[in-house]
Every structure is written in C-alpha cells, then in structure tokens.
Amino acid sequence: TGFVANVADTVGLGSYAVVLALQRVWALFDDAVLPGTLVTHGALPVALEALVFLQNVDVDALTLVALTACSIGGGALGGRVMSRVPPPAIRRIMLVAYAAMALLLVASLLQLVPVGGALLALRGASLGAACVGMFAIGALSTAGGGGGGGGGRRRRRRRRAHSSR
C-alpha cells in the first residue's frame, strides 16, 4: 500500500487518504495500529521518492536541512503531546486541520494565494517563517498519524493492570 499511496501523494492525493481507503476496503491491519501505520507505511517509498526528487531539483542545502530538522522536531514534539490527548480531542484537531487545508486548496484554486514557484533557497525571515510552518506541519501530522493511538494504548495498559490483579 505504501507504493500506491505515495504515487497518489505525488500527484496530489494524500497518502493517508489512500491507506485509509485501502484499510476500509480490505481490512489489511487492526485499527488499533492505524496511527503508527499511517506514519510508517511509506518510509521506504518516501525515501526513494526523496532521492529521485533531490536528483532532479537543485534545492539549497541549508534550506533543505533546516526545514527537514524543523519538521522532524515538530513530529517528535507532536508525538509526545498527541499521545496524551484523548481521541475525541484529536478528532477535533484533525477536523480543524482538514478544514484549513480545504480552505487553502479552494483559495489556491481561486488564485487568492500563490501556488508553486521556482524558489530553491530561503534565508533570513523567510527561512524562519518556513521553519515555523514545517515545525507546525510536523506536529500536526501526528494528530492524523501518531496521536490517535495514544488513548488506545492507555486503555490497554489499564486493562492489563486490572487483569493482573
């Protein structure tokens, strides 16, 4: 599923959506492992995709490293925070994030916000703003990818604790 999902992601259809659809149709894995699966399903295809893109796009090294580090940092912090957030709150966070994404998509289709471009390097305030954005994206990705399992793990631990008494 990772390959299919990441090909779809490359052409604009989110990979999480593809994995969720395939899971609903074929029940490939237990829903309890869904959050971690969404994050890890495409690790190898994404690495290959990154290598292909980096061979074809000459991105500035400082920009690439800074934005990657900010995204990883956001994901690490977001994972710690989201693992403690109850599932209903995570669903609300996801709803707000998806609504914001839909608004940005509509705004770009109506040409109200710029899309695309050829900028390959960022410096100064632009790099700082991009780092803040990538940190936020990294953190928010754990709401859809890594946060939903936190409540489930806590419940399983409690059940085991009760069953051992």
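Broken down by element type, the protein carries eight helices and zero strands. Across the protein, helices and strands are ordered from the amino to the carboxyl terminus as α-α-α-α-α-α-α-α. In the protein, of all internal contacts separated by at least 6 residues, the share reaching a separation of at least 24 is 73%.

Let us now look at a nonpolar patch on the surface. A contiguous nonpolar surface patch, about 480 Å² in accessible area, is contributed by Val106, Leu110, Leu112, Val113 and Val115. Summarising the element assignment, Val106 is placed in helix 6 (residues 87-109).

To continue, consider the environment of Ala143. By the element assignment, Ala143 lies in helix 7 (residues 124-145). Taking the C-alpha atoms as reference points, Ala143 and Gly75, separated by 68 residues in sequence, lie 9.6 Å from one another.

For the protein, mean pLDDT is 75; residues scoring 70 or higher make up 76% of the total. Per-element confidence in the protein ranges from a low mean pLDDT of 38 for helix 8 (residues 148-163) to a high of 89 for helix 5 (residues 61-82). Considering only residues more than four positions removed or in separate chains, one finds that residues 145-165, a stretch of pLDDT under 50, has 28 contacts.

Turning our eyes to something else, we now look at the pattern of salt bridges. Counted under the stated rule, the structure contains one salt bridge. With its nearest N and O atoms 2.7 Å apart, the salt bridge here joins Asp60 to Arg123. Here Arg123 lies in the loop between helix 6 and helix 7 and Asp60 lies in the loop between helix 4 (43-56) and helix 5, a separation of 63 residues in the sequence. We classify Arg123 as partly exposed; its relative accessible area is 47%.

This part takes up the side chain of Thr63. Tracing the backbone shows Thr63 in helix 5. Assessed through its relative accessible area of 5%, Thr63 is described here as buried. Those residues in contact with Thr63 that lie beyond four places of it in its chain are Leu120, Ala121, Leu122, Arg123 and Leu127.

A few words on the side chain of Ser108. One can find Ser108 in helix 6. Reaching out from Ser108, the side chain makes a polar contact with the backbone oxygen of Leu105 at a distance of 2.7 Å. Among residues more than four places away in sequence, those in contact with Ser108 are Val113 and Val115.

The next point concerns unusual backbone geometry. Look at Gln111: it is not a glycine, yet its phi comes out positive at around 60°. The exposure class assigned to Gln111 is exposed, which follows from its relative accessible area of 70%.

Calculation rules
- Residues numbered from 1 in each chain as written.
- Predicted model: local features only at pLDDT ≥ 70, side-chain atom pairs only at ≥ 80, totals over all residues.
- Heavy atoms only, no water.
- Helix = DSSP H or I, 4+ residues; strand = E, 2+ residues; numbered from the N terminus.
- Contact = heavy atoms within 4.5 Å.
- Patch = residues over 30% accessible without salt bridge, like charges linked within 9 Å, V, L, I, M, F, W, Y side chains within 5 Å.
- Areas by Shrake-Rupley, 256 points an atom, 1.4 Å probe, with all protein chains shown as cover.
- Salt bridge = Lys/Arg side-chain N within 4 Å of Asp/Glu carboxyl O.
- pLDDT = per-residue confidence, 0-100.
- Buried < 20%, exposed > 50% of the residue type's maximum accessible area, 1.4 Å probe, protein only.
- Polar contact = N/O pair within 3.5 Å; in protein donor to acceptor, adjacent residues only side chain to side chain.

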